[in-house]
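# Chain and residue survey
This is what each chain is made of:
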Amino acid sequence: MDKLKIFQKGWNFSQDGPGNRLVYHLQGCNLHCPWCTNPEGMLPEGTLLVRKDKLLPSVCPHGAIYNGKIDRRICAQCSSRECVTVNLNQGIRLSYSMYSCVQLLHEVISSKHLFHNGGGVTLSGGEPSLQYDAVRHFLGLLKANEINTVVETNGSHSKLSALFPLIDMLIIDLKHYDVGKGLSVVGVNNNVVLGNISRAAEEHGNLLIRITLIPGFNSTGDDIVHFLSLLKLLPREHLAIEFLHYHEYGRVKWEECGMEYKMNITGGVKEDITEYESLFRQAGMNVIRT
Ligand code: SF4
């Protein structure tokens, strides 16, 4: 409960909440989006990222590295992981590190002078709610120290609303309007997500719903009409919507993780986000770009 698995941390201005923010990406996700830009953050137990051009057989005492490749079937049985614990090298790294909440709090407090323009700390993923107890503990420490908090989530945790009082801005990534398609393509229980969105729109004072437009999944004009039909029913006082374009920044990392990148989108991305934004604005929705 006192420790968080973090696979990436760094600074971001305005895209992960207001102002200049220290962003922690938490290891583990319950979904399996084929377009994920952070595949190294998917598995709760972490992933070995491999750079083939730097791979040395000598770092593995179990014979898993040979002919310039790594045999991940052997790695799956290996609990000692000498390649990342003893024989540190450039060819392999484990995706995450463990940090105690107090250790992170020290880092945050020493960075406080950099939280300009309303900045603070953002917890992102992976999916932060997978480390629910530690996340709640850490958010409590941040609030006790008057740090602005943002959580970016897929919205699928059944107890998400219990975190609302600890979150200054809640960002929910809505994958699809359709329950069946959400479940079959990314494995999300949309009933829970939509329930959390509805509750957040009513109870949370600052909710941003993000929709990443994925060709072949949720990005046609008809899809947008369906999204709008759903979202326009929500209370709007504290609600904003943002559309994001699909991109392939994660493609190289899929290979490093030993996983196949199955997205095969050719011909560029054609959606006119401006048109979609106008449609939502005409319906009285607050649409933003960060
Ligand atoms: S995880 Fe274990 S088996 Fe795999 S390369 Fe590292 S030391 Fe070898």
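In this text the structure is predicted, and so the values were computed from the model without any measurement. (Residues numbered from 1 in each chain as written. Predicted model: local features only at pLDDT ≥ 70, side-chain atom pairs only at ≥ 80, totals over all residues.)

## Regarding the overall build of the protein chain
So the rule is basically this: A helix here means a DSSP run of H or I that spans at least four residues, while a strand means a run of E at least two residues long, and both kinds are numbered starting from the N terminus. Radius of gyration here uses only the C-alpha atoms, and the compact-globule reference equals 2.2 Å multiplied by the residue count raised to the power 0.38. Once C-beta atoms are placed from the backbone, any two residues with those atoms within 7 Å are in contact.
Scanning the protein chain from N- to C-terminus turns up nine helices and 12 strands. A globule of 290 residues ought to have a C-alpha radius of gyration of about 19 Å, and the protein chain, at 20 Å, matches this closely. Principal-axis analysis of the C-alpha atoms places the extent of the protein chain at approximately 60 × 50 × 30 Å. Within the protein chain, counting contacts between residues at least 6 apart in sequence, those at least 24 apart form 71% of the total.

## Here's the deal with the pairing of strand S9 (residues 148–153)
The following threshold applies: Exposure classes come from backbone-placed C-beta atoms, where a residue is buried if 20 or more other C-beta atoms lie within 10 Å of its own, exposed if 12 or fewer do, and partly exposed in between. When the strands point away from the viewer and the connection leading from the first strand across the helix to the second strand turns clockwise, the crossover is called right-handed. Should DSSP find at least two bridges between two strands, the strands are regarded as paired.
Of all six residues in S9, five are buried, a share of seventy percent or more. In this region the chain leaves strand S8 (residues 120–124), passes through helix H4 (residues 132–144) and returns to the parallel neighbour S9; the handedness of that crossover is right-handed. As paired strands, S9 and strand S10 (residues 169–173) are joined by four bridges and run parallel to one another. Residue Val151 lies in a different strand from S10, and its bridge partner there is Leu170.

## Here we look at the site of the ligand
Our working rule: A residue counts as near a molecule or strand when its C-beta atom, positioned from the backbone, falls within 6 Å of it. Residues are grouped as follows: Ala, Val, Leu, Ile, Met, Phe, Trp, Tyr, Cys and Pro are nonpolar; Asp, Glu, Lys and Arg are charged; every other residue, Gly included, is polar.
Neighbouring the ligand are the residues Cys60, His62, Ala64, Ile65, Ile70, Ile74, Cys75, Cys78, Arg81, Glu82 and Cys83. Of the residues that constitute the shell around the ligand, the class distribution is eight nonpolar, one polar and two charged.

## Concerning H4
Basically, it comes down to this: A helix's residues, less one, multiplied by 1.5 Å, set its expected span. Think of the arc as the fan of directions from the helix axis to the C-beta atoms.
Helix length check: H4 (13 residues) gives 18 Å between terminal C-alpha atoms against 18 Å at 1.5 Å per residue, within 8%. When H4 is considered as a whole, its buried residues turn out to be Ala134, Val135, Phe138, Leu139 and Leu142. For H4, the arc enclosing every buried residue in end-on projection is 130°, short of the 170-degree limit, so these residues lie on one face. Of the exposed residues in H4, those oriented more than 90 degrees away from the buried face are Asp133 and Ala144. On the buried face of H4, the contacting elements are strand S1 (3–13), helix H3 (101–110), S8 and S9.

## Remarks on the domain arrangement of the protein chain
Condition: These domain limits were set by an automatic method or by a database of domain assignments.
Domains assigned within the protein chain are domain 1 (3–44 + 96–282) and domain 2 (48–94). The C-alpha centroid of domain 2 is placed 32 Å from the C-alpha centroid of domain 1. Taken together, the five residues of domain 1 in the interface contact five residues of domain 2. Of the residues in the side of domain 1 that touches domain 2, the class split is two nonpolar, one polar and two charged.

## So, unusual backbone geometry
Each neighbour pair has its own omega, and for Gly125 with Gly126 the value is 5°, a cis peptide bond. Looking at where Gly126 falls in the secondary structure, it is placed in the loop between S8 and H4.

## Describing the nonpolar core
What counts here: A set of buried residues qualifies as a nonpolar core if it consists of Ala, Val, Leu, Ile, Met, Phe, Trp, Tyr and Cys joined through C-beta atoms within 7 Å.
Ranked by internal contacts, the top residues of the largest apolar core, which has 54 residues, are Leu170, Ile172 and Ile209. Leave out the neighbours within four places in its chain, and Ile209 touches Ile172, Leu174, Ile197, Leu231 and Ile241.

## Things to note about the sheet that holds strand S12 (residues 239–245)
Definition in use: Every axis in this analysis is a line fitted to C-alpha atoms, fitted for helices over the stretch in contact. Angles between the N-to-C directions lie between 0 and 180 degrees.
Taken in spatial order, the eight strands make up an open sheet running S7-S1-S2-S8-S9-S10-S11-S12, and their pairing is mixed. Edge positions in the sheet fall to strand S7 (97–100) and S12, since each of these pairs with one other strand and no more. Each strand of the sheet is rotated relative to its neighbour by a mean of 30°, with strand direction disregarded. By the bridge criterion, four bridges tie S10 to strand S11 (residues 207–213) in an arrangement that is parallel. Residue pairing in the sheet places Ile171 in a bridge with Leu208 of S11.

## Brief notes about the environment of Phe164
Take Phe164: it is sitting in the loop between S9 and S10. Once residues lying within four places of it in the same chain are set aside, the contact partners of Phe164 are Ala200, Glu203 and His204.

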